[in-house]
Amino acid sequence: MTSPTTTAPARAGRPAVATATRTTGPSTSGRRRLAPWGFLAPAIVLFVLFLALPIAYAVYLSFRTEKVSGLGLGAGARTEVWAGLSNYASALGDPEFLASVGRVALYGLIVVPTMLGLALVFALLLDARRSRATTFSRTAIFLPYAVPAVISSLLWGFLYLPGVSPFYDVFDALGWDVPSLFEGDLVMFAVANIAVWGGTGFNMIVIYTALKAIPSELYEAAELDGASQVAVATRIKVPIVLPSIIMTSVFSMIATLQVFAEPTTLRPLSNAISTTWTPLMKVYRDAFTRGDLYSAAATSVIIAVATFVLSFGFLRLVQSRAFGQEK
Amino acid sequence: MRLSTGTRIAALAAATALVASACSGGGDGDTGDGAEAAGPVELTFWTWAPNMEKVVDLWNADHPDVQVTVNKQDGGDPAVTKLLTAIKAGSGAPDIMQAEYQKIPQLVSADALADISGTLGDDVAGHFADGVWNAVTLGSDAVYAVPQDSGPMQFYYRADVFADLGIDVPTTWDEYAAAAATIHEKDPEMYLGTFSANDAGWFTGLTQQAGASWYGIDGDAWVVDVDSDATRKVAEYWGGLVEDGVIDNKPMYTPEWNAALNDGTQVGWLSAIWAPGVLAGNAADTAGSWEMAPMPQWDANAPATGTWGGSATGVTSQSEHPEQAAEFITWLNTDPAAVQALVDESGIYPADVPASTEALSDPPEFFSNQPDFYEVAAQTAGTVQPFTYGPNINVAFSAYNDEFAKATKAKKATAFVDAVEAMQRITLDDLKSSGFNVSE
């Protein structure tokens, strides 16, 4: 910190403190050096207790395992031992894990572009000058985001089941033979649809808010130049809200890697969703169905590292282009 | 999909750790022994049996010194998950726990259930059939729970549909297959049953009837015998029915299946003694048209059945008052008044032999058209085949879900047999990699 007396004359208290430091010696200067730590303490304590320690514990668990002796019945039959990297090796070598990663990649390829594309289109439509009933439309599109994922999955699950779905009654009446979304590979779209339904509204609001912040002079200038509404949208609005789109992309990618609630809720309804359908479902199965916290911890660490690499890699890739032009 | 802030990335890694550390956080001193010594002993009881609190009220009224509080659970699986997490965390477990029979080896292996053989009276064992008692002792001198209810399997069918189509009630599996084909041929929407890849306990019961026992103990080593001739026979049989399309392949307990029971497109169910409650709840429109018969047989001369469900009540290893808890569970499952209340309030089929004949006379309301309901039930209960569960039955069951989901999706009899082989491999590998003594 440079001398506050010269840089901040407006803050009346500061010069007085600075003077006091000079006159009263080392004890107050020590206290002064401690002061920032005092202010930081609550944040540090919370960070250590609820983030750093659990992560450290998860990493610790990922290097441990439980060994059973004999028949493994009764007290003292299990002992925790070091496992080295064996949990990581078995997680990375598990074909079920690799298959779940592949599924999530495909799921992300379906969900992220569809959801953000829809969100962008809706935001641009709401922002267009000729739009009517924008408040109602905005609320209506946003509303599904307020529905918890478990509830929306149950809701859609009923709609997907041919035996109880009103859609299939209509299809039958029309004489259409529509296959069940719960048979075979179509289930991917069944799950993706719930994500798109639930997530579009939120992303739309983020992009719409960015659109509202565009200064109106730009539109006036464009109008003088004779730009059409479409040209205004593609040449002015989209480039300016690009940082918002990138931010929502990163969040959506992270959410994709974490997809859990929807397939877990739908699993009992369909033969096409396994207990390891997504990486997090495998973590849950290992930890709570198989009672193996150790390999679950190792898989969690792998997912966390992959999430970091993917989201920061993506940011690096697009950052210079998106944020560079602002400078 | 829910969007997360950046910090959630890291929290992901910590998900499992959070659970464990949050639970262990309140580890010490929450029992407050000093203050409690003067007041009554407080016991908590995790159970999912309906109206259990009314049964417990009878005990609480007579035992001011030992007060039991019921804590309602969602069902067998979630309750075990919660209990094992609490055991791992070192605190948070109840004193008393309802546990399905197949979960007992797993719970004992995780040191979740206390051995109460020292505090039980000598006469308790005499209340139960040998096969049932064996499930709570695991064939050892220890006693890990007191049996509460049992779930012998029977065949439930729409008597009106069978009469309309002129089909006799199948007594063998060949007849069952023929009946299934006839029914589906008469009405392509209609099925005599479904093969559910979601209900491992159901399939276990079917293999139990055929003579399978998925685990065994050989000296001080476990034997895994999922892939036995009996299991393969059952899998191949059902795979054939699914492949021919005469049996549905959708899971049970879905809204669709419930609707199919009610609208008469599912006209049969291989289920257990608690089926009337499920049918009354899901298929209210069909009241009075269902009947129950013994299971179709592999060998008509040697009637047999399996079990699906049924549970016992145990004392957890974290209980501070195991003696009072053992006293309570003995009362709950063997006292005639308590067993009568369990039948009336919770609708269970008691495991206690002397008290159950007294408690069960009139048929369940949904089966009032079948006066001999409980006579037939008692007759089938006597033919339950022995079966041993192992410490990683949870792994075998989740392998069942995944492998048989693939097989029912594929609709090929060979895929059903492949699923049995995969279950054997997964179960055995897990047991070995955990370090159990395994004999092959």
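Residues numbered from 1 in each chain as written. Chains lettered and ligands numbered in written order. Predicted model: local features only at pLDDT ≥ 70, side-chain atom pairs only at ≥ 80, totals over all residues. Heavy atoms only, no water.

## Some points on the overall build of chain A
Argument step 1. Check the secondary structure of chain A and you find 14 helices and two strands.
Argument step 2. The buried share of chain A, reckoned over its 327 residues, is 40%.
Argument step 3. Sequence-distant contacts in chain A: of pairs separated by 6 or more residues, those separated by 24 or more amount to 64%. (Helix = DSSP H or I, 4+ residues; strand = E, 2+ residues; numbered from the N terminus. Buried < 20%, exposed > 50% of the residue type's maximum accessible area, 1.4 Å probe, protein only. Contact = heavy atoms within 4.5 Å.)

## Topic: the interface of chain B and chain A
Argument step 1. Taken together, the 55 residues of chain B in the interface contact 72 residues of chain A.
Argument step 2. Seen at the junction of chain B and chain A, the total is three salt bridges.
Argument step 3. One salt bridge connects Lys88 of chain B with Glu80 of chain A, and the closest N-O pair in it is separated by 3.6 Å.
Argument step 4. On inspection of chain B and its partner chain A, the count reaches 13 residue pairs in polar contact (both at pLDDT 80 or more).
Argument step 5. Considering each element in turn, the side of chain B that touches chain A owes the most residues, eight residues, to helix H18 (residues 393-410) of chain B.
Argument step 6. Per-class residue counts for the side of chain B that touches chain A are 26 nonpolar, 20 polar and nine charged. (Salt bridge = Lys/Arg side-chain N within 4 Å of Asp/Glu carboxyl O. Polar contact = N/O pair within 3.5 Å; in protein donor to acceptor, adjacent residues only side chain to side chain. Nonpolar A, V, L, I, M, F, W, Y, C, P; charged D, E, K, R; others polar.)

## Considering the UniProt feature "domain: ABC transmembrane type-1" (unreviewed entry) in chain A
Argument step 1. As recorded in UniProt, the sites labelled "domain: ABC transmembrane type-1" (unreviewed entry) are residues 101-314 of chain A.
Argument step 2. Counted over residues 101-314 of chain A, helix gives 75% and strand 0%. Its end C-alpha atoms are 18 Å apart. (UniProt positions renumbered as here; feature names shortened; annotations may be inferred.)

## Quick look at the confidence of the model for chain A
Argument step 1. Summary statistics for chain A give a mean pLDDT of 87 and a share of 89% for residues scoring 70 or more.
Argument step 2. This stretch, residues 1-23 of chain A, has a pLDDT under 50; its non-local contacts, to residues over four places away or in other chains, come to nine contacts. (pLDDT = per-residue confidence, 0-100.)

## Thoughts on a nonpolar patch on the surface
Argument step 1. Taken together, the side chains of Leu34, Trp37, Leu40, Ile44, Val45, Leu46, Phe47, Val48, Leu49, Phe50 and Leu53 of chain A make up a nonpolar region of the molecular surface, amounting to roughly 1100 Å² of accessible area.
Argument step 2. Secondary-structure assignment places Val45 of chain A in helix H3 (residues 26-62). (Patch = residues over 30% accessible without salt bridge, like charges linked within 9 Å, V, L, I, M, F, W, Y side chains within 5 Å. Areas by Shrake-Rupley, 256 points an atom, 1.4 Å probe, with all protein chains shown as cover.)

## Considering the confidence of the model for chain B
Residue and element names in this part refer to chain B.
Argument step 1. When pLDDT is averaged along chain B, the result is 88, and 91% of the positions lie at 70 or above.
Argument step 2. Within chain B, no element has a lower average pLDDT than helix H2 (residues 15-25), which sits at 39, and none a higher one than helix H11 (residues 229-244), at 97.
Argument step 3. Within the model, the stretch residues 1-36 combines pLDDT values under 50 with 69 contacts to residues more than four positions away or in other chains.

## With respect to unusual backbone geometry
Residue and element names in this part refer to chain B.
Argument step 1. Phi is positive for Asp111, close to 55°, though the residue is something other than glycine.
Argument step 2. Looking at the element boundaries, Asp111 is found in the loop between helix H6 (104-109) and helix H7 (130-137).
Argument step 3. Look at Tyr253: it is not a glycine, yet its phi comes out positive at around 60°.
Argument step 4. Relative to the helices and strands, Tyr253 is located in the loop between H11 and helix H12 (255-262).

## Re the side chain of Arg158 of chain B
Argument step 1. With respect to the helices and strands, Arg158 of chain B occurs in strand S4 (residues 146-158).
Argument step 2. Setting aside residues no more than four positions away along its own chain, Arg158 of chain B makes contact with Leu261, Gly264, Val267, Thr286, Ser289 and Trp290 of chain B.

## With respect to the UniProt feature "transmembrane region" (unreviewed entry) in chain A
All names here are of chain A.
Argument step 1. Sites flagged by UniProt as "transmembrane region" (unreviewed entry) map to residues 39-63, 104-128, 140-161, 186-211, 240-261 and 293-318.
Argument step 2. Regarding residues 186-211, the helix share stands at 96% and the strand share at 0%, and the terminal C-alpha atoms are separated by 36 Å.
Argument step 3. Taken end to end, residues 293-318 is 100% helix and 0% strand, and its first and last C-alpha atoms sit 37 Å apart.

## Some details on the packing of helix H5 (residues 95-127) of chain A against helix H11 (residues 229-257) of chain A
All names here are of chain A.
Argument step 1. Close contact between H5 and H11 brings their axes to 10 Å; oriented N to C, the two are set at 145°. The handedness of the crossing between H5 and H11 comes out as right-handed. Across the interface between the two elements, Val104, Tyr107, Gly108, Val112, Met115, Leu116, Leu120, Leu124 and Asp127 of H5 pack against Ala233, Lys237, Val238, Ile245, Thr248, Ser249, Ser252, Met253, Thr256 and Leu257 of H11.
Argument step 2. Residue composition of the contact of H5 with H11, grouped by class: 12 nonpolar, five polar and two charged. (Axes fitted to C-alpha atoms, helices over the stretch in contact; angles between N-to-C directions. Left-handed = near helix turned anticlockwise from the far one by under 90°.)

## Description of the nonpolar core
Residues and elements named next belong to chain B.
Argument step 1. Counting residues in hydrophobic clusters, the biggest one holds 87 residues, and the most contacted among them are Tyr176, Trp202, Trp214, Trp238 and Phe404.
Argument step 2. No other element matches the nine residues that H18 contributes to this core.
Argument step 3. Each of domain 1 (40-151 + 308-381) and domain 2 (152-307 + 385-434) gives at least three residues to this core.
Argument step 4. Beyond its immediate chain neighbours, meaning those up to four positions away, Tyr176 contacts Phe155, Pro170, Leu192, Gly193, Tyr237, Trp238, Leu241, Ile247, Leu270 and Pro296.
Argument step 5. In terms of nonpolar packing, the next biggest core, distinct from the first, is built from 54 residues, Val41, Ala99, Ala312 and Trp331 among them. (Core = buried A, V, L, I, M, F, W, Y, C linked by side-chain atoms within 4.5 Å. Domains from an automatic or database assignment.)

## Re the domain arrangement of chain B
For an interface, size is often stated in terms of accessible area lost upon the parts coming together.
Residue and element names in this part refer to chain B.
Argument step 1. The domains assigned to chain B are domain 1 (40-151 + 308-381) and domain 2 (152-307 + 385-434).
Argument step 2. One C-alpha centre belongs to domain 1, the other to domain 2, and the line joining them spans 26 Å.
Argument step 3. Each partner contributes to the interface: domain 1 provides 23 residues, whereas domain 2 provides 38 residues.
Argument step 4. Of the roughly 2400 Å² buried between domain 1 and domain 2, counting both surfaces, carbon and sulfur atoms make up 72%.
Argument step 5. A per-residue breakdown of the area domain 1 buries against domain 2 is headed by Gln102, Trp308 and Phe366, which together make up 38% of the total.
Argument step 6. Viewed at the interface, domain 2 and domain 1 are joined by zero salt bridges.
Argument step 7. The set of elements that each furnish at least two residues to the side of domain 1 that touches domain 2 consists of H6, S4, strand S9 (307-315) and helix H17 (373-381).
Argument step 8. A per-element tally of the side of domain 1 that touches domain 2 places H17 first, with seven residues. (Buried area = accessible area lost by both parts, 1.4 Å probe.)

## Here's the deal with the pattern of salt bridges
Argument step 1. The tally for this structure, following the rule as stated, stands at 21 salt bridges over all chains.
Argument step 2. A salt bridge links Arg285 of chain A to Asp402 of chain B, with the shortest nitrogen-to-oxygen separation between them at 4.0 Å. Of this pair, Arg285 of chain A sits in helix H13 (residues 279-289) while Asp402 of chain B sits in helix H18, each in a different chain. Summarising the burial analysis for this pair, Arg285 of chain A and Asp402 of chain B share the class buried.

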